[in-house]
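Examination of the molecular architecture
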Amino acid sequence: MITQFLYGGSGILLFLLGTWSFIVHPPLIRKLIAINVMGAGVFHTLVALAYRGLTAPADPVPHALVLTGIVVAVSATALALAFGQRLDRDHGSSADDD
Amino acid sequence: MTPAWAKVLIPIVLIAIGAVLVWAFSLAALEGGDRLALIALERVPESGVSNPITSVLLNFRAYDTLLEVAVLLTALLGIWSLGPAAPAFQPASPILGGMIAWVVPLLILSTGYMLWAGGHAPGGAFQAGALLGAAGVTLALGGDASAGLPGETRLRFLSVLGVLVFTAVGVILMALGYGFLTYPEGYAKWLIIFIETAATLSIGVTLAAAYLGGEPRDERTSRSAT
Amino acid sequence: MMIDLLALAVAFPLLGAVVVTATPSHARGLGLASAVLTTLTSLVLSLGVWRDGSVRSDFGGWGAPLGIGLQADGLSVAMLVMSNLVALAVSVYAGSYFSATARRHFWPLWLLLWSALNGLFLATDLFNLYVTLELLGLSAAALGALSGTRAAVAANLRYLLVGLLGSMTYLMGVALLYSRYGMLDIGLLAEVIEPGLVAWTAMALMFSGLFLKAALFPMHFWLPPAHANAPAPVSAALSALVVKAAFYLVLRLWLDLFDPVLNASVANVLGLLGAGAVIWGSWRALRAERLKLLAAYSTVAQMGYLFIAFPLLVATPPGLARDNLLAAVVLLAMTHGFAKAGFFLAAGLVQKTAGHDRINELGGAAQALPAATFAIGLAGVALIGLPPSGTFLAKWIMIEQAMIQGLWWWVVVIMLGTLLAAAYIFRVLGHAFNREPTPYRFVNDARTEIPALLLAFISAFVLGLIAQPLWTLLDQGVLG
């Protein structure tokens, strides 16, 4: 029980840290990292929910949701990084900022 | 920048939200009981695979997984639309090159094992696809400009293979009268392996291509030629 | 042989996206074919719901709570019909709008966005909705950046990140509901959910995530740059459909799931934010220098009206009046979908012909592009809410209900917003009719002008005059 509480609690903590970082840090790359920390928090919480004690097998549904969520988060992160790279490249090479 | 009052207020508000969240989740966890665990675990034998998580991903909630493979494809198409890739890394030194020559075949071998293991133990299409993608990333880090990926036509085909097979299996089963993504009895195992193999290839190729960034190779060379 | 139209409404655009990705050289022809096929599927499905009532289909044969299904009732079908007709018009327009290189990027992403929209309107599972929302968000941001300018890429990166923040918050709410009730199916959850801290917190998390995605004031900051800098057909889809999808979800969760949890104060907060959106969005639209920016701010304002409906809905006791109000909200959302899409398509044409879309230099647009200007005028009729548009009817019902319930301040907001809308529309038309030489030809480029004109025409005339079927449709599952 206490393990589950610590796991779930740290998930909520990560979620809030991510939210805080997203709000206060203007650079978009930091916002992207913040989102990933938030995601880690949500997935942590879901994994904690799946725990049903040492003897019973874990609830497979939250585990599957987390796997799906991770792939979605990876895809979104990849796309956002490509956007950021494109902005950096434009910034370096040309002056027409419009 | 963030004004001074916000610097104080935002943490306070977030701590308050955190307290509510911890309270709500504790209440919920205490009252939650077994949730879907018993229902899901009870029906795992009917799902065609013995790993409960694979049962959920590829059978009970297969439609979620289909959309998830589509999300991965969307990210890749979005990355391709942003223009050419950054220049490749310089070729690896002989020592690194030798290591890559060892690691990449091992990664591909592990991909096959991980895919097969997913049916009864932790593993499955995504873990296998991630290993395959890692093989591509390793090649790219060693200076291979194409990360071992094929030319444009085949690359495009491989990247959509997962969504294609998944949706086509769903629609064909529907047309046969079983219902969308409803596996007929006795065929579930093989259909799941079929879908997972296609998905693994697509995921691996997509991750490697996303790491490279930029449009597929043939398109780029033909444009720089004109 | 069995045909599951619910599955096909998602599977056809998905297969279309696969095919156009694999054969980019035939992207336009195959893309248009998929667009027609998808629209037909959705229309046949909608017709079935209109005649025979809601349909549900469980994939995998497991059924809720273990499996996932799709369901079509009156509300989802109303949004489905609007979205698919608008998307078809956008597809025809896009067929000749994009260059050959842009085309091969547009079509696959566009069909993926379309399957996400259809999937979202038909979804019944809270986690499935999360995946659908992400598919929608990613494809929308990638499409918005297709114009390739630095401003467009930056604005859409911001849009992508804000959308992700919204999804994560939504997902936390879903996790909370699952931990308490152990289910994800909306219908089953609705039977067991009870007012209390857990339900209230989950609702707050899920709704705040969706408000971000629906660009509800003051969380609208990402919308104007993202929508104004996207290519015109994409702007049309983003403004008319994508933000509307987030609003649909709020309405759906409100009606089907959180009804017992809600109270008047939550609704009043939504109404206040909506009022802020109406006033601020309309004011910024009036001050906008560019036509597409004006249209984007107008979207912020029009989303506001939809949220003003919530306090009215809560104040009205169940019965005929509440049903009318609900139908009015749906009619408003549908009309805005058609009108804003028509507006953006026509604005894109003006921008392409004139080389810019600065409103003060639009002089003579009416002479050069009579059909596009006419489309802007017709869409304007619907955006302002002049008779006989659907907006007029919807606003009329909303004002009437506000009067009956004694909530006169919402009437003031609606009136003020209407006045400001009239001002920004006439400002555009005033500049467009600047010079007086005789028009050359009414229609210059049929493939782009006719979709814009048709959408604007539907918004200004068809929806208002033939609104009756909507009431019949909403009877299937939502009303009564």
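In this text, all values refer to a predicted model and were calculated from it rather than measured experimentally.

What about the overall build of chain A?
Summing up its helical and strand segments, chain A has three helices and zero strands in all. Reading chain A from its N end, one meets helices and strands in the order α-α-α. Taken against the 2.2 N^0.38 rule, which gives 13 Å for 98 residues, the C-alpha radius of gyration of chain A at 18 Å runs more than 25% over that of a compact globule. Each principal axis of the C-alpha distribution contributes one length, and for chain A these read about 65 × 25 × 15 Å. Looking at chain A as a whole, 51% of its 98 residues are labelled buried. Pairs at least 24 residues apart make up 52% of the contacts formed inside chain A by residues separated by at least 6 positions. By element, 70% of the accessible surface of chain A is carried by carbon and sulfur atoms, the whole surface being about 4,500 Å².

As for the interface of chain C and chain B
Counting residues at the interface gives 54 residues for chain C and 53 residues for chain B. For the pairing of chain C and chain B, the buried interface totals around 4,800 Å² over both sides, and the portion due to carbon and sulfur atoms is 75%. Linking chain C with chain B are three salt bridges. D125(C) is the partner of R61(B) in a salt bridge, and the nearest nitrogen-oxygen pair spans 2.7 Å. In this assembly, chain C and chain B are joined by 11 residue pairs in polar contact (both at pLDDT 80 or more). Those elements that place two or more of their residues in the side of chain C that touches chain B are α1 (5-22), β1 (55-59), β2 (68-72), α4 (100-122), α5 (126-144), α6 (150-181) and α8 (197-213) of chain C. It is α1(C) that provides the largest number of residues to the side of chain C that touches chain B, a total of nine residues. Partitioned by chemical class, the residues of the side of chain C that touches chain B number 36 nonpolar, 13 polar and five charged.

Observations regarding the UniProt feature "transmembrane region" (unreviewed entry) in chain B
Residues and elements named next belong to chain B. With numbering aligned to this structure, UniProt lists the feature "transmembrane region" (unreviewed entry) at residues 12-30, 65-83, 95-118, 124-143, 155-181 and 187-213. The span residues 95-118 is 96% helix and 0% strand, and its two end C-alpha atoms sit 34 Å from each other. From the first C-alpha to the last, residues 124-143 spans 30 Å; its make-up is 85% helix and 0% strand.

Here's the deal with the nonpolar core
Residue and element names in this part refer to chain C. With 299 residues, the main nonpolar core has L126 and F258 as its most contacted residues. If you tally residues by element for this core, the top one is helix α13 (residues 320-354), at 20 residues. Those residues in contact with F258, other than ones at most four positions away along the chain, are L177, I193, A199, A202, M203, M206, F207 and L253.

Describing the environment of G163(C)
All names here are of chain C. Inspection of the secondary structure assignment puts G163 in helix α6. Given a relative accessible area of 12%, G163 falls into the buried group. Counting along the chain gives 145 residues from G163 to V18, while the straight-line C-alpha distance between them is 25 Å.

As for the confidence of the model for chain A
Any segment with low pLDDT has predicted coordinates that should not be analysed in fine detail. Residues and elements named next belong to chain A. Residues of chain A with pLDDT of at least 70 account for 92%, and the chain-wide mean is 88. The weakest mean pLDDT in chain A belongs to helix α3 (residues 60-93) at 90; the strongest belongs to helix α2 (residues 28-50) at 94. In this model residues 93-98 is a low-confidence stretch, pLDDT under 50, and it forms three contacts with partners more than four residues away in sequence or in other chains.

Description of the packing of aromatic side chains
Following the criterion strictly, the structure yields 22 aromatic pairs over all chains and no others. Centroid distance F60(B) to W62(C): 4.7 Å. Interplanar angle 85°. Geometry classified as edge-to-face. Here F60(B), found in helix α3 (residues 52-60), pairs with W62(C), found in the loop between β1 and β2, and the two come from separate chains. Its relative accessible area of 1% is what places F60(B) among the buried residues. Judged by centre distance (5.9 Å) and plane angle (40°), the ring pair of F207(C) and F211(C) falls under tilted. On the criterion of helical spacing, the pair formed by F207(C) and F211(C) is a turn pair, its members being four residues apart in helix α8. For the residue pair F207(C) and F211(C), the accessibility class agrees, reading buried in each case. Among the aromatic side chains, those forming a connected cluster through ring pairs are Y93(C), Y97(C), F98(C), F106(C), W107(C), W110(C) and W114(C). Above the plane of the ring of W190(B) lies K189(B), whose end atom (NZ or CZ) is 5.2 Å from the centre. The positively charged end of K352(C) is found above the aromatic ring belonging to Y97(C), 4.2 Å away from the centroid.

Some words on the side chain of T77(A)
Residue and element names in this part refer to chain A. For T77, the location among the structural elements is in helix α3. A distance of 3.2 Å separates polar atoms of two side chains, one belonging to T77 and the other to N36. Discounting chain neighbours no more than four positions away, the residues touching T77 are L32 and N36.

A closer look at the UniProt feature "transmembrane region" (unreviewed entry) in chain A
All names here are of chain A. Feature annotation in UniProt assigns "transmembrane region" (unreviewed entry) to the following positions: residues 6-25, 32-51 and 63-83. Annotated as residues 6-25, this span is 95% helix and 0% strand, and its ends, taken at the C-alpha atoms, are 28 Å apart. Counting secondary structure, residues 63-83 comes out at 100% helix and 0% strand; the distance between its end C-alpha atoms is 30 Å.

Remarks on the packing of helix α5 (residues 94-117) of chain B against helix α6 (residues 125-141) of chain B
Residue and element names in this part refer to chain B. Axis separation between α5 and α6 bottoms out at 8 Å; the angle between their running directions is 170°. When the axis of α5 is compared with that of α6, the two are roughly antiparallel. In this structure, α5 crosses over α6, and the sense of that crossing is left-handed. When α5 is examined against α6, the residues I100, V103, V104, L107, I108, S110, T111, M114 and L115 are found in contact with a partner set consisting of A125, Q127, A128, L131, L132, A134, A135, T138 and L139. Classifying every residue of the contact of α5 with α6 gives 14 nonpolar, four polar and no charged.

Considerations on the pairing of β2(C)
Residue and element names in this part refer to chain C. In terms of burial, β2 is a largely internal element, four of the five residues being buried. Pairing geometry for β1 and β2, over five bridges, is antiparallel. Its bridge partner being in β2, F59 is matched across the sheet by I68.

Description of the interface of chain A and chain C
With 33 residues of chain A at the interface, the matching set in chain C holds 29 residues. Carbon and sulfur atoms supply 84% of the area that chain A and chain C bury against each other, a total of about 2,900 Å² over both sides. Looking only at chain A, the three residues that lose the most surface to chain C are L28(A), F83(A) and L87(A), adding up to 20% of its buried area. Between chain A and chain C we count zero salt bridges in total. Linking chain A with chain C are three residue pairs in polar contact (both at pLDDT 80 or more). Sorting the residues of the side of chain A that touches chain C by element identifies α1 (2-24), α2 and α3 of chain A as the ones contributing at least two each. Sorting elements by how many residues they give to the side of chain A that touches chain C places α3(A) first, with 16 residues.

Describing the environment of V86(C)
By secondary structure assignment, the location of V86(C) is in helix α3 (residues 74-97). Considering only alpha carbons, one finds V86(C) and T39(C), 47 residues apart in sequence, at a separation of 9.7 Å.

Notes on the pattern of salt bridges
Tallied over the full model, the rule gives 14 salt bridges over all chains. Measuring nitrogen to oxygen at the nearest pair gives 3.2 Å for the salt bridge that ties E361(C) to R358(C). What makes E361(C) partly exposed here is its relative accessible area of 45%. Through salt bridges that share partners, R61(B), D64(B) and D125(C) make up one connected network.

Here's the deal with the UniProt feature "domain: Na+/H+ antiporter MnhB subunit-related protein" (unreviewed entry) in chain B
Mapped onto this numbering, the UniProt entry annotates "domain: Na+/H+ antiporter MnhB subunit-related protein" (unreviewed entry) at residues 99-208 of chain B. Taken end to end, residues 99-208 of chain B is 74% helix and 0% strand, and its two terminal C-alpha atoms sit 19 Å from one another.

Conventions and cut-offs
Residues numbered from 1 in each chain as written. Chains lettered and ligands numbered in written order. Predicted model: local features only at pLDDT ≥ 70, side-chain atom pairs only at ≥ 80, totals over all residues. Heavy atoms only, no water. Helix = DSSP H or I, 4+ residues; strand = E, 2+ residues; numbered from the N terminus. Rg over C-alpha atoms; globule rule 2.2 N^0.38 Å. Buried < 20%, exposed > 50% of the residue type's maximum accessible area, 1.4 Å probe, protein only. Contact = heavy atoms within 4.5 Å. Areas by Shrake-Rupley, 256 points an atom, 1.4 Å probe, with all protein chains shown as cover. Buried area = accessible area lost by both parts, 1.4 Å probe. Salt bridge = Lys/Arg side-chain N within 4 Å of Asp/Glu carboxyl O. Polar contact = N/O pair within 3.5 Å; in protein donor to acceptor, adjacent residues only side chain to side chain. Nonpolar A, V, L, I, M, F, W, Y, C, P; charged D, E, K, R; others polar. UniProt positions renumbered as here; feature names shortened; annotations may be inferred. Core = buried A, V, L, I, M, F, W, Y, C linked by side-chain atoms within 4.5 Å. pLDDT = per-residue confidence, 0-100. Phe/Tyr/Trp six-rings, centres within 6.5 Å; stacked < 30°, edge-to-face > 60°. Lys NZ or Arg CZ within 6 Å of the ring centre and 35° of its normal. Axes fitted to C-alpha atoms, helices over the stretch in contact; angles between N-to-C directions. Parallel < 35°, antiparallel > 145°, perpendicular 65-115°, else oblique. Left-handed = near helix turned anticlockwise from the far one by under 90°. Pairing = 2+ DSSP bridges.

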